[in-house]
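# A closer look at the structure
Here are the chains, one letter per residue:
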Amino acid sequence: MEINSNFTENAKNDFHLVVKAREGNQKAYADLMQRYKDSIYFMVLKMVNNKEDAMDLTVETFAKAFEKLDKYQPEFAFSTWLFRVATNNCIDFIRKKKLHTTSIHGMTDDEGEEMPLQIKADTLNPEESSIKKQQTEELKLLIQTLPLRYRNLITLRYFDELSYEEIAQQLDLPLGTVKAQLFRARYLLGNIINRLDRDDI
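All of these numbers come straight from a predicted model, not from anything done at the bench.

### Some details on the overall build of the protein chain
Each helix and strand in the protein chain was counted, giving 8 helices and 0 strands. Moving toward the C terminus, one meets the helices and strands of the protein chain in the order α-α-α-α-α-α-α-α. Residues classed as buried in the protein chain amount to 40% of the 201 residues present. Within the protein chain, residue pairs in contact and separated by at least 24 positions form 64% of the contacts whose partners lie at least 6 positions apart.

Written out as structure tokens, the structure reads:
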């Protein structure tokens, strides 16, 4: 994969991060998110004119971009490609909103119950324990790049292992809001964790 000779220094740095991310380097994902989450958020905000929706769409943009990272071609700067993903995501959102068909249901089973994130918790041998510990640290690093409200929800749900009801009580939020926001956060983290699991196979 050849890099465009006209790339700026920033574009070259992004390209090297993309290569590392494709190889399974989770810090590279976090670095790309950290670098662009604010500029993506403000661009999305201009399109949808709603802070809550803009925050959710920003998270979804990175989820979709990371899932399709193998399709990125370096004839264009990564930032150009990422902003195109964000723009298309916004257009889809606006179109769906006009049709009143938006839904928060996604990572659920046939009965509408939440499907758990695939973080294995079986008895592990020392080598597997070491790998799991490393993956947990990498996951925590990725979680730190999320907006504060998502970060708190993920931590309470998956590290402190609180129930939805306990989280709602602790954060003084409606139960439906807790479920909806956790869905948004899981959408992003689920893609990253699945990629991490595939890289370990």
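### Brief notes about the environment of K68
Examined against the element boundaries, K68 turns out to sit in the loop between helix 3 (51–67) and helix 4 (78–99). K68 sits 17 residues away from V85 along the chain, and the two C-alpha atoms are 9.8 Å apart.

### So, the nonpolar core
Core analysis: the biggest nonpolar cluster contains 48 residues, and V44, F78 and L182 have the highest contact counts within it. In contact with V44, not counting residues within four places along its chain, are N49, A54, L57, T58, A86 and C90.

### Considering the environment of Y164
Within the secondary structure, Y164 sits in helix 7 (residues 164–171). By relative accessible area, which is 13% here, Y164 ends up buried. With 14 residues separating them along the chain, Y164 and V178 place their C-alpha atoms 6.9 Å apart.

### Focus on helix 3
Taking 1.5 Å of rise per residue, 17 residues should cover 24 Å, and helix 3 covers 24 Å from first to last C-alpha, within 8% of that figure. The element helix 3 is extensively covered by neighbouring structure, given that 12 of its 17 residues are classed as buried. Buried residues of helix 3: D53, A54, D56, L57, T58, V59, E60, T61, F62, A63, A65 and F66, and no others. Of the residues flanking the start of helix 3, the one acting as N-cap is N50, its side-chain oxygen 3.0 Å from the backbone nitrogen of E52.

### Brief notes about the packing of aromatic side chains
Using the criterion set out here, one finds 7 aromatic pairs in the structure. Ring centres of F62 and F66 lie 5.9 Å apart, and the angle between their planes is 50°; this geometry places the pair in the tilted category. With a gap of 4 residues between them, F62 and F66 both fall in helix 3, about one helical turn apart. Assigned by exposure class, F62 and F66 land together as buried. Ring geometry for Y72 versus W81: centroids 5.5 Å apart, planes at 55°, classification tilted. Over the ring of Y164 we find R157; its NZ or CZ atom is 4.4 Å from the centre of that ring.

What counts, and where the lines are drawn
- Residues numbered from 1 in each chain as written.
- Predicted model: local features only at pLDDT ≥ 70, side-chain atom pairs only at ≥ 80, totals over all residues.
- Heavy atoms only, no water.
- Helix = DSSP H or I, 4+ residues; strand = E, 2+ residues; numbered from the N terminus.
- Buried < 20%, exposed > 50% of the residue type's maximum accessible area, 1.4 Å probe, protein only.
- Contact = heavy atoms within 4.5 Å.
- Core = buried A, V, L, I, M, F, W, Y, C linked by side-chain atoms within 4.5 Å.
- Expected span 1.5 Å × (residues − 1).
- Polar contact = N/O pair within 3.5 Å; in protein donor to acceptor, adjacent residues only side chain to side chain.
- Phe/Tyr/Trp six-rings, centres within 6.5 Å; stacked < 30°, edge-to-face > 60°.
- Lys NZ or Arg CZ within 6 Å of the ring centre and 35° of its normal.

No statement about biological role is implied by the geometric values presented.
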